[in-house]
Amino acid sequence: MKVLIPSPLRSYTGRAWVEAEGATLGELLADLDRRYPGIRFRMIDEQDRMRRHVRFFVNGDATFDLGQAVRPTDEVCIVQALSGG
Amino acid sequence: MATSPRSAAVRRGNAVKAARRSPAAKTTRRIAVLVATRKGAWIFRSDPSRRSWRADGPHFLGHVIHHLVLDPRDGRTLLAAAKTGHLGPTIFRSTDLGKTWKEAKQPPAFTKKPDGSGRSVDHTFWLTPGHASEPGAWYAGTSPQGLFRSDDGGVTWSSASPINDDPQYIEWMGTAQDGTPDGPKLHSIIVDPRDPKHLYFAMSSGGVHESTDGGQTFRLLIDGLEVVEGFSRDVPTFHDPHCVRLCPGNPDRLYQQNHCGIYRIDRPSSTWARIGKAMPKKVGDVGFTMVVHPRDDDVAWVLPMDGTSVWPRTSVAGAPAVYTTRNGGRTWQRQAEGLPPQQAWWTVKRQAMSRDARDPVGLYFGTTSGELWMSRDEGGRWNCIARHLPEIYAVEAAELA
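Residues numbered from 1 in each chain as written. Chains lettered and ligands numbered in written order. Predicted model: local features only at pLDDT ≥ 70, side-chain atom pairs only at ≥ 80, totals over all residues.

Participant: I keep staring at the interface of chain A and chain B and nothing clicks. Help me out?
Facilitator: Interfaces are frequently sized by the accessible area removed from exposure as the parts join. The partner chain B presents 16 residues to the 16 residues of chain A that form the contact. Grouping the amino acids of the side of chain A that touches chain B by side-chain chemistry returns five nonpolar, six polar and five charged. (Contact = placed C-beta atoms within 7 Å. Nonpolar A, V, L, I, M, F, W, Y, C, P; charged D, E, K, R; others polar.)

As structure tokens, then:
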């Protein structure tokens, strides 16, 4: 499925839109990490918690659940949230 | 150290004599000053006389860089502790003095706890190269407090000690409220140059700790240290060592700038002595940073800040000054020539003061207002090398290969 990468993480992907696979958001992020090593830890901490200023949207809806099911036709947007000056 | 007090004292005496006899390393190596800031990193390179400086940077513009450290064992490998406002923490590594950078494959991270009680690293705060006999070994201190080690030059990191998961230690580390506004920190990781298994570290908050078995076990080293009035000295959580330094010229002597004063300890004694009481009363002995002479264990420098009333943590009275002792803390002299005489309200953080190993020693510090200052004569006169950098978190002077 198509995944939009926010600008702070494009040093890993080299571009804004990438392809990745998985039946859940968690699997999708694991696949992204296989393709772009290191990228997952910048978004998800070692306790599998989403980092405070990274947000995930599936087809425009925010999700806070790595177990959320995703389909190959979905569009996942990873967004940087406000984090101060 | 598994040694008798007597043999330690003899060894110490020998080390001091040797150190005082030996001249500074005669070297043509150039000095680089590694500056880590809230918005990126810079490397300032000097000519051999340390008079002119060239800025190389920014590296990692916009990244929060807490520490940038050169490996003294090869003179070319750099590690940078990084995070950004949005992203989790990582460590970048360069083997060509910052021309190219590669991210660590496995940055410092705590053990995952299935019950959800596990801690997560917010940022790596402190980096210390390992012992000279262990090439590729590095230690990292994190926020919240954790001690990590790499044995491959910073590519992969793992827990360096059972303390990271020890309930007693986690209790001593306290809550976020017991740490600095930027999170509680493990810092001042020190490797005894005589013994790779002899380690020290400090925690803000959480006190000073020592290991003689390479980090498998630690014991407290807080006797003699004061805490804020009304709290118990017996509770490690109330201890806030800001910066601990070991004297290379005599590894049995350590100095410390604490939230509650300036201290010295001479091992094997386990009691710190408050040498800051000899500071002028109007200045006090509160500060973040401390630097020790590379050869003479009687010489150290501090940069006092205002720790009165609401704790402004600015320079005292808006007139920044370095104070030096040349007799182990019995007396202190003010060193402010060249520094602004008034209306300069900056602070120098605990990692933001450093020195080289030349003779005379060069001193360097960076301010919260983004100025980089240096002295070529052990603090006699100060010159500003750079202005208008972002808030400076760390300054390290290093000799390039």
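Participant: Looking at this structure, I do not really get the sheet that holds strand β20 (residues 287–292) of chain B. What am I missing?
Facilitator: Hydrogen bonding along the main chain pairs the strands of a sheet, whether they run parallel or antiparallel. Residues and elements named next belong to chain B. Spatial ordering of the open sheet is given by β20-β21-β22-β23, a layout of four strands whose pairing is antiparallel. One side of each edge strand has no neighbouring strand; the edge strands of this open sheet are β20 and β23 (333–335). Taken over all neighbouring pairs, the strand axes of this sheet differ in orientation by 30° on average, direction set aside. Relative to β23, strand β22 (residues 322–325) runs antiparallel, the two sharing three bridges. Residue pairing in the sheet places Y323 in a bridge with R334 of β23. (Pairing = 2+ DSSP bridges. Helix = DSSP H or I, 4+ residues; strand = E, 2+ residues; numbered from the N terminus. Axes fitted to C-alpha atoms, helices over the stretch in contact; angles between N-to-C directions.)

Participant: Is there a simple way to think about the pairing of β20 of chain B in this case?
Facilitator: The side chains of a regular strand alternate, residue by residue, between the two faces of the sheet. Residues and elements named next belong to chain B. Within β20, six of the six residues are buried, which leaves it mostly tucked inside the rest of the structure. Taken together, the four bridges between β20 and strand β21 (residues 300–304) define a ladder with antiparallel strand orientation. Across the sheet, residue G287 finds its bridge partner in β21, namely P304. (Buried ≥ 20, exposed ≤ 12 C-beta atoms within 10 Å, placed from the backbone.)

Participant: Is there a simple way to think about the pairing of strand β17 (residues 250–258) of chain B in this case?
Facilitator: Residue and element names in this part refer to chain B. Along β17, nine of the nine residues are buried, which leaves the element largely enclosed by surrounding structure. Where strand β16 (residues 241–247) lies against β17, six bridges are found, and the strand directions are antiparallel. Bridged to P241 within β17 is N258. Two successive antiparallel strands, β16 and β17, enclose a turn made up of two residues. Pairing analysis gives six bridges linking β17 to strand β18 (residues 261–266), with the strands arranged antiparallel. Residue pairing for β18: L254 is matched across the bridge by I265. Hairpin connection of β17 to β18: two residues between the antiparallel strands.

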